[in-house]
Amino acid sequence: MKIAIASGKGGTGKTTVAVNLAVLLADSGREVAFADCDVEEPNAHVFLTPVWETEEQAFMPIPRFVQERCLGESCRACLDLCRFKALIRMAGEIMLFPELCHGCGLCKLACPAGAVADDVRELGVVRSGVSGGIRMAGGLSRVGEAMSTPLIKAVKQNVHTAPLQIWDCPPGTACPVIAAVSGADYVVLVAEPTAFGLHDLNLAVELVRALGLPHGVVINRDGMGDDRVLSYLEREGIELLGRIPGSLEAARASARGGLLARTFPEIRAVLETVLATVQDRIRASAGQKEASCVR
């Protein structure tokens, strides 16, 4: 099972939900892997306090141009085919803007003169370790790095063999989120009951619908806003997985890195229901797919 925890905006409590769901699974004796895919601002380690066992640099492929082999203006294949405008010709040479390059390799395939060689650039680091009964992987982008999607994929690859996975995804709806939620069996969207929360929840719902991913919503800080998110879920036919009550004591505990599922019985009960419901939905979906294959 691969459960992604996402949100349309930052600050909704996405990581809080993710780490506490992982703790509930570990406390029940299940073998669980946790992937912190928010590589630009990772903070799951604050709650899970893992012992990092490995830390490796992560790289992505980029081209290196052998200028003396280039055919110049008589060719221009690499310049014309680069979708990301990462190449220009200046002073008679091909110049690469590494931050724009997506490492697709098309320029090398298209070059008729063999003027494109292989190179790499650093993205950041990927770490793996253990927190109690939780196997954990995380990443940290290089300072100033604009492209996080390859690093997110590397983090997920680190736990890809685990039978039960929790993915803490970055907030928003841009490319990093798509890379993080892709391949999930179910997406839990965490929202806050406010006007801003509803606006960004709507964007997140549009994203997971476009990707064809099963999803439901957890409302965090319930009681501190209004009913507009509830009305939206009912109108759109989206399952409400649970409502975590707003609590100053819980906020203080979370700010100190505390695990709410082990401290607040009421919150633990909500999260246990969320977890049971999500697992039921995944099993039902798997059963439907198996039945469809048999037919």
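Just so it is clear, the model here is predicted, and its values are computed rather than measured. (Residues numbered from 1 in each chain as written. Predicted model: local features only at pLDDT ≥ 70, side-chain atom pairs only at ≥ 80, totals over all residues. Heavy atoms only, no water.)

What follows is about the overall build of the protein. When helices and strands are tallied, the protein shows 10 helices and 11 strands. Projecting the C-alpha coordinates of the protein onto the three principal axes gives extents of approximately 70 × 45 × 45 Å. Burial status across the protein gives 47% buried among its 295 residues. Looking at the protein alone, contacts between residues at least 24 apart form 73% of all its contacts between residues at least 6 apart. Only carbon and sulfur atoms are counted for the fraction: they give 53% of the accessible area of the protein, which is about 14,500 Å². The positive charge centre, built from 30 side chains, and the negative charge centre, built from 34, are 3 Å apart in the protein. (Helix = DSSP H or I, 4+ residues; strand = E, 2+ residues; numbered from the N terminus. Buried < 20%, exposed > 50% of the residue type's maximum accessible area, 1.4 Å probe, protein only. Contact = heavy atoms within 4.5 Å. Areas by Shrake-Rupley, 256 points an atom, 1.4 Å probe, with all protein chains shown as cover. Lys, Arg positive; Asp, Glu negative; His and termini not counted. Charge placed at Lys NZ, Arg CZ, Asp CG, Glu CD.)

The subject of this paragraph is the layout of surface pockets. Of the volumes computed, that of the largest pocket is approximately 540 Å³. Around the largest pocket sit 29 residues that line it, and T12, G13, T16, N220 and R221 are the ones nearest its centre. Those elements that provide at least two residues to the lining of the largest pocket are α1 (14–27), β10 (215–222), β11 (240–245), α9 (248–255) and α10 (265–294). (1 Å grid on protein atoms, 1.4 Å probe; cavity = no way out; pocket = protein on both sides within 12 Å on 5 of 7 lines; lining within 4 Å. Points joined across faces, edges and corners; volume = space filled by probe spheres on them.)

With that settled, consider unusual backbone geometry. The phi dihedral of R76 is positive, around 65°, even though this residue is not glycine. With respect to the helices and strands, R76 occurs in the loop between β3 (51–65) and α3 (77–81). Overall, the relative accessible area of 30% leaves R76 in the partly exposed class. Of note in this structure, K85 is not a glycine but carries a positive phi near 55°. Tracing the sequence through the fold places K85 in the loop between α3 and β4 (87–90). The class of K85 is exposed, set by a relative accessible area of 59%.

Going through the model one piece at a time under the given rule, you end up with 2 cavities of 30 Å³ or more. Counted as a void, the largest cavity has a volume near 130 Å³. Considering the residues around the largest cavity, the lining is formed by 16 residues, among which C70, L71, C75, C78 and C111 are closest to the centre. Here the element with the most residues in the lining of the largest cavity is α3; it accounts for 3 residues. A breakdown of the residues in the lining of the largest cavity according to their chemical character gives 13 nonpolar, 1 polar and 2 charged. (Nonpolar A, V, L, I, M, F, W, Y, C, P; charged D, E, K, R; others polar.)

Along helix α5 (residues 149–157), the positions that sit buried rather than exposed are L151, I152, V155 and K156. Buried residues of α5, seen end-on, are gathered within an arc of 140° and therefore sit on one face of the element. (Arc of directions from axis to C-beta.)

Turning next to the pattern of salt bridges. By the definition in use, this model includes 17 salt bridges. Linking R281 and E239 is a salt bridge whose minimum nitrogen-to-oxygen distance equals 2.6 Å. Residue R281 is located in helix α10, and its partner E239 is located in the loop between α8 (228–236) and β11; the two are separated by 42 residues in the primary sequence. Here E272 makes a salt bridge to R268, at a shortest N to O gap of 3.2 Å. Of this pair, E272 and R268 both sit in helix α10, 4 residues apart, roughly one helical turn. With a relative accessible area of 39%, E272 lands in the partly exposed category. Under the relative-accessibility criterion, R268 is labelled partly exposed at 25%. (Salt bridge = Lys/Arg side-chain N within 4 Å of Asp/Glu carboxyl O.)

Okay, the packing of aromatic side chains next. Tallied over the entire structure, the rule returns 0 aromatic pairs. For K156, the ring lying beneath its charged end belongs to W167, and the centroid distance is 4.1 Å. (Phe/Tyr/Trp six-rings, centres within 6.5 Å; stacked < 30°, edge-to-face > 60°. Lys NZ or Arg CZ within 6 Å of the ring centre and 35° of its normal.)

With that settled, the discussion passes to the domain arrangement of the protein. For the protein, the domain assignment lists domain 1 (2–58 + 131–294) and domain 2 (67–114). Here domain 1 and domain 2 have C-alpha centroids that lie 40 Å from each other. (Domains from an automatic or database assignment.)

Another aspect to go through is the environment of D222. Turning to its location among the elements, D222 is positioned in strand β10. Since its relative accessible area comes to 22%, D222 is described here as partly exposed. Once the C-alpha coordinates of D222 and I244 are considered, the two residues, 22 residues apart in sequence, prove to be 5.7 Å apart. Apart from the residues lying within four places of it in its own chain, the contact partners of D222 are P193, R243, I244, P245 and G246.

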